[in-house]
Amino acid sequence: MLIVNAPVEKNIELDNQIYLLKIHSPEIAGKIKPGEFLNIRVSEAVHPLLRRPFSVCDVEGDYFYIMFNIYGEGTRILSQKHGGDTVDVLGPLGRGFNLKGDFDTAIIAAGGLGAAPFPYLIRKLGEQKEVHCFIGGRTHKDVILHGMKNIFIATDDGSLGYKGNVIKLLNKNLDLLKSSKVKIFACGPNAMLRALKEFTMKHKLNCEASTECAMACGFGICQGCPIESSYDPQKYFLVCKDGPVFNIADVNI
Ligand SMILES: Cc1cc2nc3c(=O)[nH]c(=O)nc-3n(C[C@H](O)[C@H](O)[C@H](O)COP(=O)(O)OP(=O)(O)OC[C@H]3O[C@@H](n4cnc5c(N)ncnc54)[C@H](O)[C@@H]3O)c2cc1C
Ligand code: FES
């Protein structure tokens, strides 16, 4: 785990007020794996005091990217960064996706900003596996296609692609999911992940999900990010240290 004062190379605004911040750090870019995250201090000022966690979105040489939209004060400040500014980055943190294992087709299931960790994962998986991406949003404005391939789209209001949610779209494509050794990689709102857990258990599909919760330290000290075990209600994992990526069967999201 490193703490670096890293220069921002550029801030790219995609469609729909989605930002991609390109940050220079050979140390972090050389170490970080898909699904791991960074805890970023967005300002040198006292407020906001706490770091904000972001998944690594992609890595290119000595640079890594994070993807976000403006949610509150921290992301508003980040959205105003530009080339030459610096950010204080702690990472790489957490446990990311497991790219090894007995599967030959990867299915990406992303809801809204749940797309953020996948460009890097797809880049890595694409070297050896077939990849299909199921991308959902409430409307077409929430559908993020950056870095995706072999795309299936679902929107709740039907303004783009299939009318319905990503889980229903996966269900409509069960043939693809059952045609080879498949592993699902998911990230999105908790309601989506809960429905996906039910779906994958019903169809006996292997699935890892990147989970989210409010965090403080980011590395297991404050105990502020518990997630309940599926097998023992007395047992909790820490999202920052044991996750954020879990086998979806193992946790109550
Ligand atoms: C492991 C991990 C990876 C993440 N990756 C990304 C990413 O790649 N891109 C991205 O845009 N966001 C990501 N997030 C969420 C991101 O950290 C929050 O959106 C960000 O901290 C918001 O900061 P803010 O200052 O803009 O909003 P704040 O002002 O901090 O938040 C506004 C409100 O939302 C609540 N809140 C903040 N964060 C969360 C949260 N994670 N869950 C539930 N409620 C919350 C706060 O309590 C507050 O009420 C990730 C979170 C985690 C835990
Ligand atoms: S955020 Fe502190 S223990 Fe997880």
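Before any of the text, the structure's been laid out above.
Presented here is an overview of the structure given in this document. No experiment lies behind these values; they were computed from the predicted model shown. (Residues numbered from 1 in each chain as written. Chains lettered and ligands numbered in written order. Predicted model: local features only at pLDDT ≥ 70, side-chain atom pairs only at ≥ 80, totals over all residues. Heavy atoms only, no water.)

**What about a nonpolar patch on the surface?**
A surface patch of nonpolar side chains, amounting to about 320 Å² of accessible area, comprises Met 1, Phe 219 and Ile 221. Along the chain, Ile 221 falls in the loop between β13 (206-210) and β14 (226-229). The exposure class assigned to Ile 221 is exposed, which follows from its relative accessible area of 60%. (Patch = residues over 30% accessible without salt bridge, like charges linked within 9 Å, V, L, I, M, F, W, Y side chains within 5 Å. Areas by Shrake-Rupley, 256 points an atom, 1.4 Å probe, with all protein chains shown as cover. Salt bridge = Lys/Arg side-chain N within 4 Å of Asp/Glu carboxyl O. Helix = DSSP H or I, 4+ residues; strand = E, 2+ residues; numbered from the N terminus. Buried < 20%, exposed > 50% of the residue type's maximum accessible area, 1.4 Å probe, protein only.)

**Topic: the nonpolar core**
The biggest cluster of nonpolar side chains holds 34 residues, and the ones touching the most others in it are Ala 109, Leu 170, Ile 184, Leu 196 and Phe 199. Elements with a contribution of two residues or more to this core: β7 (86-93), β8 (105-111), α4 (166-172), α5 (174-179), β12 (182-187), α6 (190-202), β13 and β15 (236-238). Ala 106, Phe 118, Val 131 and Ile 144 belong to the second largest nonpolar core, which has 27 residues in total. (Core = buried A, V, L, I, M, F, W, Y, C linked by side-chain atoms within 4.5 Å.)

**Notes on the layout of surface pockets**
A volume near 150 Å³ is recorded for the second largest pocket. Lining the second largest pocket, in full, are Leu 14, Asp 15, Asn 16, Ile 18, His 140, Val 143, Ile 144, Leu 145, His 146 and Leu 160. (1 Å grid on protein atoms, 1.4 Å probe; cavity = no way out; pocket = protein on both sides within 12 Å on 5 of 7 lines; lining within 4 Å. Points joined across faces, edges and corners; volume = space filled by probe spheres on them.)

**Concerning the site of ligand 1**
With respect to spatial proximity, 20 residues lie near ligand 1, and among them Arg 52, Pro 53, Met 67, Gly 74 and Thr 75 are the closest. In the model, an oxygen atom of ligand 1 is placed 2.6 Å from a nitrogen or oxygen of the Pro 53 main chain. A distance of 3.0 Å separates a nitrogen atom of ligand 1 from a polar backbone atom of Ser 55. When ligand 1 sits alone it has 880 Å² of accessible area, and the protein chains cover 72% of it. Elements that contribute at least two residues to the shell around ligand 1 include exactly β4 (52-55), β6 (63-69) and α2 (73-79). The leading source of residues in the shell around ligand 1 is β4, at four residues. In the shell around ligand 1, the residues fall into 12 nonpolar, five polar and three charged. (Near = heavy atom within 4 Å. Polar contact = N/O pair within 3.5 Å; in protein donor to acceptor, adjacent residues only side chain to side chain. Nonpolar A, V, L, I, M, F, W, Y, C, P; charged D, E, K, R; others polar.)

**Description of unusual backbone geometry**
Most peptide bonds take the trans form, and the phi angle of most residues other than glycine is negative. Going from His 47 to Pro 48, the amide bond is cis rather than trans, its omega being -5°. Within the secondary structure, Pro 48 is located in the loop between β3 (37-41) and β4. Pro 92 follows Gly 91 through a cis peptide bond whose omega is -5°. In this fold, Pro 92 is placed in strand β7. A positive phi is found at Gln 17, a non-glycine position, where the angle reads about 55°. The residue Gln 17 is located in the loop between β1 (2-13) and β2 (18-24) in this model. At Lys 204, a position not held by glycine, the phi torsion is positive, near 55°.

**Points about the pairing of β8**
With seven of its seven residues buried, β8 lies for the most part within the structure. By the alternation rule, side chains of β8 split into Thr 105, Ile 107, Ala 109 and Gly 111 and Ala 106, Ile 108 and Ala 110, which are all buried. Alignment of β8 against strand β9 (residues 130-137), held across seven bridges, turns out to be parallel. Among the inter-strand pairings, Ala 109 is bridged to a residue of β9, identified as Phe 134. For the segment spanning β8, helix α3 (residues 118-125) and β9, crossover handedness is right-handed. One ladder, built from six bridges, connects β8 with β12; its direction is parallel. Bridge assignment links Thr 105 to a residue of β12, and that residue is Val 182. (Pairing = 2+ DSSP bridges. Right-handed = clockwise from strand over helix to strand, strands pointing away.)

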